[in-house]
Amino acid sequence: DGGITQSPKYLFRKEGQNVTLSCEQNLNHDAMYWYRQDPGQGLRLIYYSQIVNDFQKGDIAEGYSVSREKKESFPLTVTSAQKNPTAFYLCASRAYKAGGRNTGELFFGEGSRLTVL
Amino acid sequence: GNSVTQMEGPVTLSEEAFLTINCTYTATGYPSLFWYVQYPGEGLQLLLKATKADDKGSNKGFEATYRKETTSFHLEKGSVQVSDSAVYFCALSDWQGAQKLVFGQGTRLTINP
């Protein structure tokens, strides 16, 4: 079955450590996204990528980094510069056609919960 | 910029009650509108969508109509079940813009038997 796989589901980090969250999709989607979810604040966009080897900052990119070396993969690194990294992280993807009409529907993974000790 | 405002929660109803969750938006261009649902500990699932004015999205007994004149996309269900307990997110995508979804803050719904 096609879908988006995030790992790990739960992750604990000590202060000052970098951690990388994995996101893999087999939907053949061009665009991929990382959102952060905090209680009562909805989802906020961290980074997104519409094509391999290219990505853009979202609304809260500070303290995060990404790469997009393959179409299927969009890992997110939470660096030690991120002041409050404890949150639920959601990866998503969508089909994207440059210059065409896109309805914007996102497909989400199950999420990764990061806790800083 | 584009934004979505949802009715604040939490919302608690009894089984078989009528549900309305309000959603209004601010956007340039002609956005597509969505409702997503999140069950505890899971990612988001698309519940329904509408891509142009006056479209009605529907799924699993839920409905929402894209109202351009009132910039609204309210979610309704005639008779809720305990299994509908979840967090509901309204979202928009401006397909002429940066091709990203903007979400409301979410509304937590609890249905009591």
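That block above? That's the structure.
Residues numbered from 1 in each chain as written. Chains lettered and ligands numbered in written order. Predicted model: local features only at pLDDT ≥ 70, side-chain atom pairs only at ≥ 80, totals over all residues. Heavy atoms only, no water.

Turning to the packing of aromatic side chains, a few remarks are in order. Residue and element names in this part refer to chain A. Within the structure shown, the criterion is met by 12 aromatic pairs over all chains. On the basis of an interplanar angle of 65° and a centroid distance of 5.9 Å, the ring pair of Tyr-64 and Tyr-89 is categorised as edge-to-face. Linking Tyr-64 in strand E7 (residues 64–66) with Tyr-89 in strand E9 (residues 87–94), this pair joins segments that are 25 residues apart in sequence. Overall, Tyr-64 belongs to the buried group, its relative accessible area being 5%. (Phe/Tyr/Trp six-rings, centres within 6.5 Å; stacked < 30°, edge-to-face > 60°. Helix = DSSP H or I, 4+ residues; strand = E, 2+ residues; numbered from the N terminus. Buried < 20%, exposed > 50% of the residue type's maximum accessible area, 1.4 Å probe, protein only.)

Here the focus is the pairing of strand E2 (residues 10–13) of chain A. Residues and elements named next belong to chain A. A one-sided burial pattern is seen for E2, the buried positions being Leu-11 and Arg-13 and the unburied ones Tyr-10 and Phe-12. Pairing analysis gives four bridges linking E2 to strand E11 (residues 112–116), with the strands arranged parallel. Opposite Phe-12, over in E11, you have Thr-115 as the bridge partner. (Pairing = 2+ DSSP bridges.)

Residues and elements named next belong to chain B. Tracing the backbone through its elements, the reader meets Ile-111 in strand E12 (residues 107–112). Separated by 10 residues in sequence, Ile-111 and Leu-101 have C-alpha atoms that sit 28 Å apart. In contact with Ile-111, other than residues within four places in its own chain, are Leu-13, Ser-14, Glu-15, Val-80, Gln-81, Val-82, Asp-84 and Ser-85. (Contact = heavy atoms within 4.5 Å.)

This part is about the nonpolar core. Residues and elements named next belong to chain B. Counting residues in each nonpolar core, the largest one holds 24 residues, and the members touching the most others are Trp-35, Leu-47, Leu-48, Phe-62, Phe-73, Leu-75 and Tyr-88. Of all the secondary structure elements, the ones that give two or more residues to this core are strand E3 (19–21), strand E4 (23–26), strand E5 (32–38), strand E6 (44–50), strand E8 (62–65), strand E10 (86–93) and E12. With near-sequence residues (within four places) excluded, Leu-75 lies in contact with Leu-19, Thr-20, Ile-21, Trp-35, Leu-47, Leu-48, Phe-62, Glu-63, Ala-64 and Tyr-88. (Core = buried A, V, L, I, M, F, W, Y, C linked by side-chain atoms within 4.5 Å.)

What follows is about the state of the cysteines. Residues and elements named next belong to chain A. Tallied over the entire structure, the rule returns two disulfides over all chains. Between the sulfur atoms of Cys-23 and its disulfide partner Cys-91 the distance amounts to 1.9 Å. The S-S bond linking Cys-23 to Cys-91 shows a torsion near -75°; that makes this disulfide left-handed. Separated by 68 residues along the polypeptide, Cys-23 in strand E3 (residues 19–25) and Cys-91 in strand E9 bring together distant segments of the chain. Residue Cys-23 is classed as buried on the basis of its relative accessible area of 0%. (Disulfide = S-S within 2.5 Å.)

A grouping of Tyr-10, Phe-12 and Leu-117 of chain A is seen on the molecular surface, where their side chains present a nonpolar patch of about 390 Å² in accessible area. Under the relative-accessibility criterion, Tyr-10 of chain A is labelled exposed at 55%. (Patch = residues over 30% accessible without salt bridge, like charges linked within 9 Å, V, L, I, M, F, W, Y side chains within 5 Å. Areas by Shrake-Rupley, 256 points an atom, 1.4 Å probe, with all protein chains shown as cover. Salt bridge = Lys/Arg side-chain N within 4 Å of Asp/Glu carboxyl O.)

Adjacent strands of a sheet form backbone hydrogen bonds with each other and so pair up, either parallel or antiparallel. All names here are of chain B. With antiparallel pairing, four strands are arranged side by side in an open sheet as E3-E9-E8-E7. Each having just a single partner strand, E3 and strand E7 (56–59) make up the two edges of the open sheet. Shown here is a sheet whose adjacent strand axes are inclined to one another by a mean of 15°, direction ignored. Here E7 pairs with E8 via four bridges, running antiparallel. Each residue of the ladder has a partner; that of Asn-59, found in E8, is Phe-62. (Axes fitted to C-alpha atoms, helices over the stretch in contact; angles between N-to-C directions.)

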